[in-house]
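Structure assessment
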Amino acid sequence: MFDLLIKGGTLPDATVADIAIKGDRIVDVGRVDGPAREIIDATGDLVSPPFVDPHFHLDATLSYGLPRLNVSGTLLEGIELWGELRAIATVDDMIARALRYCDWAAAMGLLAIRSHVDTTPDHLRGVTAMLEVKRQVADYLDLQLVAFPQDGLYRTPTGRDNVLRALDMGVDVVGGIPHFERTMGEGADSLRDLARIAADRGLMWDVHCDETDDPQSRHVETMAREVTRHGLGARAAGSHLTSMHSMDNYYVSKLLPLIAESGMTAIPNPLINITIQGRHDTFPKRRGLTRVREMQAHGITVGWGQDCVMDPWYSLGTADMLDVAFMGLHVAQMTHPAEMARCFAMVTDANAAIMNLEGYGLKVGDKASLVVLDAGNPVEALRLRPDRLAVVSKGKVISRQARNDARLDLPGRPGTVRRRHGGS
Ligand code: FE2
């Protein structure tokens, strides 16, 4: 007797298969017969491993307008505004907002999130709050927390100590923000320091790296060197890397092999990069997204991160990683069918690899987490950003949604509109 059987779904590789689940694991995939306590008919629907977001700020989410709006729309005003909010936000405020966001995420099939947590204030209320959120959502959502010195590791008197305190409290990943240190030199020093902390503690490392339009912001070079030196490999990720958009092509031809050699991964955040970068430009105006296809051509694992939803830096957002991939696809001009399919894989498989998630996928033995989408294949899912008909997390159905087709009543042409092209 299976606990749950997903019948007839189309997997991302176009295979049609049943998926049988016992407890929190997938126990059979293919043509499966046998009784099950619960059956979901996914005939014609896309069944995917869950969405994964490797870059988010859960301590700031759903705070849009608090205590005021970001009028200039720049990264720097966002950081300033966040400084005002974190001074007044209570632990309970942050927990309530983060849990509300986690509900949105779960309903969207987004079941693993890496969130940076600001460790700048000595009170570390954000860390206290996010550790509590992680505990409360653990049954259905895998939350990784990053000790993130938002105002710089060396720029505040207690910046470095507070990162260490947060790690001692149980935060999982070491952060960093070299382009925000006082000088390029101190930025490079911070990377050497943080890489050693990550290596000594056996932790992963994820750096807000070169989130600037300055083509001379070359911290990713130092980061890659430190990743290689300490053998961190795919346990290290460079987030944003937007300066690479503006770098000299000859320099990038040397840089990409260095990044590939290190084994580190990359997390561009297209919704945020396209709205925040290029704000000092007139025309032509740069896009500010890093070189995604070029990194992938060098064998570097690149995912798409969401970064922000309704916070000091971004006024919109939905917790739908398909929105993120949709924007990334457009800005990076990844319009070939193979590239569009890759964009879907970036918010699933690639992001899971970046977070080093255990048991991720739809193979026998993998964790029984998946999402059923009202689409026939990954490219159609990107085009429609469709309803999530069912979300299963660790063997349990945590969300169901009815199909939502429009009923038309046009003269002489009554009927139902389905925007799907593939599938049924
Ligand atoms: Fe970020």
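A brief report on the enclosed structure follows. (Residues numbered from 1 in each chain as written. Predicted model: local features only at pLDDT ≥ 70, side-chain atom pairs only at ≥ 80, totals over all residues. Heavy atoms only, no water.)

Notes on the overall build of the chain
Check the secondary structure of the chain and you find 13 helices and 17 strands. Structurally, the chain occupies a C-alpha span of about 65 × 45 × 45 Å along its principal axes. The buried share of the chain, reckoned over its 424 residues, is 57%. Summarising the internal contacts of the chain: among those between residues at least 6 apart in sequence, 76% fall at separations of at least 24. Counting only carbon and sulfur atoms, one obtains 53% of the accessible surface of the chain, whose full area is about 16900 Å². (Helix = DSSP H or I, 4+ residues; strand = E, 2+ residues; numbered from the N terminus. Buried < 20%, exposed > 50% of the residue type's maximum accessible area, 1.4 Å probe, protein only. Contact = heavy atoms within 4.5 Å. Areas by Shrake-Rupley, 256 points an atom, 1.4 Å probe, with all protein chains shown as cover.)

Observations concerning the pairing of strand 16 (residues 406-410)
The pairing of strand 16 with strand 17 (residues 413-417) spans five bridges and is classified as antiparallel. Residue pairing for strand 17: Asp409 is matched across the bridge by Pro414. (Pairing = 2+ DSSP bridges.)

Some details on unusual backbone geometry
At the junction of Leu66 and Pro67, the peptide bond is cis and its omega measures out at -15° in the coordinates. Considering the arrangement of structural elements, one finds Pro67 in the loop between strand 6 (51-56) and helix 1 (75-88). Cis geometry marks the peptide bond from Phe283 to Pro284; its omega dihedral reads -5°. Relative to the helices and strands, Pro284 is located in the loop between helix 9 (270-276) and helix 10 (292-297). Positive phi, normally seen in glycine, also occurs at Met310, with a value near 50°. With respect to the element layout, Met310 can be found in the loop between helix 10 and helix 11 (321-331). The class of Met310 is partly exposed, set by a relative accessible area of 28%.

Considering the coordination of the iron ion
The protein atoms donating to the iron ion are His55 (NE2), His57 (NE2), His208 (NE2) and Asp307 (OD), with metal-donor distances spanning 2.1 to 2.5 Å. For the iron ion, the four donor atoms in the first shell make angles of 85 to 178° at the metal, so the coordination geometry reads as irregular. Read in sequence order, the donor residues coordinating the iron ion give the pattern H-x1-H-x150-H-x98-D. Taking the relative accessible area as the measure of exposure, His55 reaches 0% and is therefore buried. (Donors = N, O, S within 2.8 Å, 3.2 Å for Na, K, Ca; no water. Tetrahedral: all angles 85-135°; square planar, octahedral: opposite > 155°, others 65-115°.)

Concerning the nonpolar core
Ranked by size, the top nonpolar core spans 98 residues in total, and within it Tyr101, Trp205 and Trp304 carry the most contacts. Both domains that furnish three or more residues to this core are identified here as domain 1 (4-49 + 361-407) and domain 2 (51-354). Listed in part, the 17 residues of the second largest apolar core include Val47, Ala368, Leu370 and Ala390. (Core = buried A, V, L, I, M, F, W, Y, C linked by side-chain atoms within 4.5 Å. Domains from an automatic or database assignment.)

What about the environment of Leu408?
Along the chain, Leu408 turns up in strand 16. In this structure the C-alpha to C-alpha distance between Leu408 and Met1, which are 407 residues apart in sequence, comes to 43 Å.

A closer look at a nonpolar patch on the surface
There is a patch of nonpolar side chains on the surface, built from Tyr64, Leu69 and Val71 and spanning about 320 Å² of accessible area. Note that Tyr64 resides in the loop between strand 6 and helix 1. Overall, Tyr64 belongs to the partly exposed group, its relative accessible area being 41%. (Patch = residues over 30% accessible without salt bridge, like charges linked within 9 Å, V, L, I, M, F, W, Y side chains within 5 Å. Salt bridge = Lys/Arg side-chain N within 4 Å of Asp/Glu carboxyl O.)

Digging into the environment of Ile354
The residue Ile354 is located in helix 12 (residues 337-354) in this model. For Ile354 and Met264, which are 90 residues apart along the polypeptide, the C-alpha to C-alpha distance reads 8.7 Å. Apart from residues no more than four positions distant in its own chain, Ile354 is found in contact with Pro54, Arg114, Ala234, Ala237, Thr265, Ala266, Ile267, Thr301, Val302 and Gly303.

What about the pattern of salt bridges?
The tally for this structure, following the rule as stated, stands at 32 salt bridges. Asp142 is paired through a salt bridge with Lys394; the nearest N and O atoms lie 2.8 Å apart. Taken together, the residues Asp142 in strand 8 (residues 142-148) and Lys394 in the loop between strand 14 (388-393) and strand 15 (396-400) connect sequence positions 252 residues apart. Lys394 gets classed as buried once you look at its relative accessible area, which sits at 18%. We note a salt bridge from Lys363 to Asp366, for which the minimum N-O separation is 3.2 Å. For Asp366, a relative accessible area of 7% translates into the label buried.

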